[in-house]
Every structure is written in C-alpha cells, then in structure tokens.
Amino acid sequence: MEGFNKLSIGGPLYNGVEITKEEYERIFSEYKRELDELYNSRADKIINKIKERTISKEKRIVLLYNIFINLFEIDDSYLSGIMPSGSAETIYYKFKDYDIKYAASTNKYGPLIFGKGVCKGFSEAFKDICDKMQIKCDLVVGETFMGHQWNAVFINNELKMVDCFYGIMERRSGGDPQKYLLVSSEQLKSYKTHFNFEESLMKSTKSFFTSEFKTKGISFNENELELLTSNEKCSR
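Everything numeric in this text was worked out from a predicted model, so none of it was measured.

(A) Spatial organisation of the pairing of strand β7 (residues 158-162). Pairing between strand β6 (residues 147-155) and β7: five bridges, direction antiparallel. Bridging from a neighbouring strand, Val 153 pairs with Lys 160 of β7. Linkage of β6 to β7, two consecutive antiparallel strands, is achieved through a turn of two residues, within which Asn 156 is found at a positive phi near 55 degrees. Bridging between β7 and strand β8 (residues 181-183) involves two bridges; their strand directions are antiparallel. Looking at the pairing, Met 161 lines up with Val 183 of β8.

(B) Molecular detail of helix α6 (residues 164-173). Of the positions making up α6, those classed as buried are Cys 164, Phe 165, Tyr 166, Gly 167, Ile 168 and Glu 170. Sitting at the amino-terminal end of α6 is Asp 163, which places a side-chain oxygen 3.1 Å from the backbone nitrogen of Phe 165. Gly 174 occupies a position one or two residues after α6 and carries a positive phi of about 80 degrees.

(C) Inspection of the pattern of salt bridges at higher detail. This structure, assessed with the given rule, holds 13 salt bridges. Between Glu 34 and Arg 33 there is a salt bridge, and its shortest N-O distance comes to 3.9 Å. A residue is classified by how much of its surface remains accessible, and Glu 34, at 15% relative accessible area, is buried. For Glu 73, the salt bridge goes to Arg 171, with nearest N and O atoms at 3.0 Å. Taken together, the residues span a long stretch of sequence, with Glu 73 in strand β3 (residues 73-74) and Arg 171 in helix α6 at a distance of 98 residues. You can call Glu 73 partly exposed: its relative accessible area is 32%.

(D) Molecular detail of unusual backbone geometry. One non-glycine residue, Lys 96, lies in positive phi territory at about 55 degrees. Turning to its location among the elements, Lys 96 is positioned in the loop between α3 (76-79) and α4 (109-114).

(E) Spatial organisation of the side chain of Arg 60. Residue position: Arg 60 is located in helix α2 (residues 57-71). No salt bridge is formed by the buried Arg 60. Its closest oppositely charged neighbour is Glu 52, at 11 Å. Setting aside anything within four residues of it in sequence, one finds Arg 60 in contact with Ile 50, Lys 51, Thr 54, Ile 55, Met 133 and Ile 135.

Thresholds applied
Residues numbered from 1 in each chain as written. Predicted model: local features only at pLDDT ≥ 70, side-chain atom pairs only at ≥ 80, totals over all residues. Heavy atoms only, no water. Pairing = 2+ DSSP bridges. Helix = DSSP H or I, 4+ residues; strand = E, 2+ residues; numbered from the N terminus. Buried < 20%, exposed > 50% of the residue type's maximum accessible area, 1.4 Å probe, protein only. Polar contact = N/O pair within 3.5 Å; in protein donor to acceptor, adjacent residues only side chain to side chain. Salt bridge = Lys/Arg side-chain N within 4 Å of Asp/Glu carboxyl O. Lys, Arg positive; Asp, Glu negative; His and termini not counted. Contact = heavy atoms within 4.5 Å.

Below, the structure written as structure tokens:
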C-alpha cells in the first residue's frame with residue numbers, strides 16, 4: 001500500500017502499533033490532503049509571482065528555473081548514499097507528526113515543502129508547475145554519473161532542455177547556472193554530462209506533437225521570491 005512504513009503479519013504498523021488497513025488508509029488520506037494543500041499553496045505562490053512579471057511563456061520558464069536553482073538545494077545525504085550500481089536509497093522527509101514515508105527527495109514534495117531534493121524531485125516539481133501554467137513540459141530520463149532525470153519544454157515550436165539539478169550544481173561550484181536552461185539536445189550532448197536520453201526524448205517529442213495538452217494538477221522568503229522574479233530576470 002502506498003505510504004506504508006512496513007508491514008507486520010496482521011497489518012500495517014503506525015508509530016510501532018499495528019492498525020487495520022482501513023485505519024491506515026484513513027490516516028494516509030489525511031496526511032496526503034495536508035501535504036498537497038501545503039504543496040499547492042507554495043506552487044501557487046511561485047506561479048502568481050511569475051505571472052505578475054510576464055505573460056511570455058519563455059520568460060516564465062526562465063523565472064521558474066531561476067527560482068528553483070536559487071531557492072532549493074540538492075539533498076547531499078542522498079548523493080552520499082549512491083552505490084556502485086548508480087542507485088541510492090530514497091530519503092524520506094517527516095511531515096508534521098505523521099509516521100508515513102511518502103514525501104521524499106525523489107518526488108515533487110521535496111523541493112517545495114522541504115527545500116531540497118534530487119533530480120527526480122526537481123524535474124517532477126518543475127513539470128507540475130509548468131503544467132499549471134499551461135506550458136508544455138515533460139520528463140526526460142537519461143544518464144549522467146548515475147541515472148538522471150530532467151525536463152524538456154516545447155517553446156516557440158522548439159524542444160529545449162532544462163536541468164535544475166545541474167543548474168544548482170553549477171551555482172554551488174561557481175559555474176554558470178544558465179548553462180542548463182533552454183538548451184537544445186545537441187548542445188546538452190556537447191557538454192558530455194548527459195547521455196542515453198534519445199529514446200526518452202523521442203517519446204516527449206511525440207507527446208508534444210500528437211497528444212492534446214492537459215493541465216495537472218520551505219517556507220519561501222518573500223524578499224528572495226521578489227528578487228528572483230524581478231524584471232531583471234526576464235531579460236533573457
């Protein structure tokens with residue numbers, strides 16, 4: 001069952017006590033509702049700030065990217081656990097007093113609620129917010145020094161790559177964070193950091209051209225958010 005910490009012979013354990021499946025489902029439903037309410041309120045705050053600044057979809061992507069790479073951090077505890085196979089154990093974050101393992105570095109809740117995550121969490125949150133702004137965005141799966149996931153956006157009739165994870169890495173190392181914003185697949189390949197993503201990208205391309213687009217459904221410092229969505233960031 002989604003959200004289970006572990007199972008005993010008779011049923012799920014919650015705070016070390018065995019409870020019924022029905023009771024766990026009730027608790028999980030309440031947990032998920034509160035989690036989504038907080039996530040959506042923070043996503044809406046970002047979206048409203050961006051919409052105040054520009055109506056251009058391209059500039060909205062630029063603003064969203066800059067918010068992500070400047071407000072959020074990479075979960076180093078996840079990276080330190082990478083095994084020789086290239087995989088790592090998921091890092092779960094405790095939400096309120098719930099004894100539930102669900103919000104994690106690898107899903108959209110990590111960045112927006114806990115301020116940190118890994119490539120999967122950043123790309124899923126980025127796609128979700130793009131979806132809410134009716135910007136065509138998809139997930140791209142490939143490889144770097146391990147399995148990796150980033151975004152493809154369809155803007156101005158072109159397919160462009162966006163990688164918030166690598167943008168944050170560039171910021172942290174004193175490099176150029178804009179290097180991974182709205183780049184072509186050929187340019188991304190030229191960096192020699194991203195590999196084996198052609199099949200995934202082809203699926204995204206097919207999706208953009210053949211499917212009707214449908215929307216989906218940390219505490220932000222107001223001054224930071226205001227700075228990151230300033231007109232200066234819209235100059236690209």
